[in-house]
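Chains, contacts and geometry: an overview
For reference, the chains in residue letters:
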Amino acid sequence: MGTIVCATRGGQGSRAVQLAAIDRAKERNERLVFLYVVDVPLIKEYDEALSGAMHAESHWLGEALLRVAQQRAQREQVKAEIAIREGDVKEEIEAFLTESDAAVLMLGAPRGTTPTVFGDDAIERFAATIENDTGVAVEIVRP
């Protein structure tokens, strides 16, 4: 049985990918983990006086988004775990994939992105890098 890791950040892309991950977990009876990464390097770009509050708010937001995703899964009789990591988003996702023995990473594309022939939109490049670095398949779900 594989582990589905569903990275989430909010927005329509996250909702779409959460629903797709729930469906996949239900169909295949696979473990499902919703993952949120607090982007610490981004927070550090702010004035030091604001960074503490930004960190706390980002962590709170992540927890809230993950609980909503978990409730969506529960409504479909799918047990889902949640995890929050802190650090560089790509590095933390890659580390989590390795630690959780993930079979697939599911990512939601931001609204307005479309699949391209050359794979040059940002989410596709991000997915390709993670797939190359970890060997874990990455699926992109668009809203």
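Above: the structure in question.
Below you will find a few notes about this structure.

Quick notes on the pairing of strand 2 (residues 31-39)
- Burial analysis of strand 2 places seven of its nine residues in the buried class, the great majority of the element.
- Here strand 1 (residues 3-7) pairs with strand 2 via five bridges, running parallel. Bridge pairing in strand 2 links Val5 to Val33.
- Bridge count for strand 2 against strand 3 (residues 80-87) is eight bridges, and the pairing is parallel.

Concerning unusual backbone geometry
- In the Ramachandran plot, Asn29 falls in the positive-phi region, its phi being about 55° despite a non-glycine side chain.
- For Asn29, the position within the fold is in the loop between helix 1 (12-28) and strand 2.
- Despite not being glycine, Gln77 shows a phi value in the positive range, around 60°.
- Inspection of the secondary structure assignment puts Gln77 in the loop between helix 3 (48-75) and strand 3.
- For Gln77, a relative accessible area of 68% translates into the label exposed.

Points about the nonpolar core
- If you look at the biggest cluster of nonpolar residues, it comprises 20 residues, and the most contacted ones within it are Ile4, Leu32, Phe34 and Met106.
- At the level of elements, strand 1, helix 1, strand 2, helix 3 and strand 4 (102-108) are the ones that each hand at least two residues to this core.
- For this core, the element with the most residues is helix 1, which contributes five residues.
- With residues near it in sequence (within four places) discarded, Phe34 still touches Cys6, Gln18, Ile22, Leu66, Ala69, Gln70, Ala73, Ala80, Glu81, Ile82 and Ala83.

Procedures and definitions
Residues numbered from 1 in each chain as written. Predicted model: local features only at pLDDT ≥ 70, side-chain atom pairs only at ≥ 80, totals over all residues. Heavy atoms only, no water. Buried < 20%, exposed > 50% of the residue type's maximum accessible area, 1.4 Å probe, protein only. Helix = DSSP H or I, 4+ residues; strand = E, 2+ residues; numbered from the N terminus. Pairing = 2+ DSSP bridges. Core = buried A, V, L, I, M, F, W, Y, C linked by side-chain atoms within 4.5 Å. Contact = heavy atoms within 4.5 Å.

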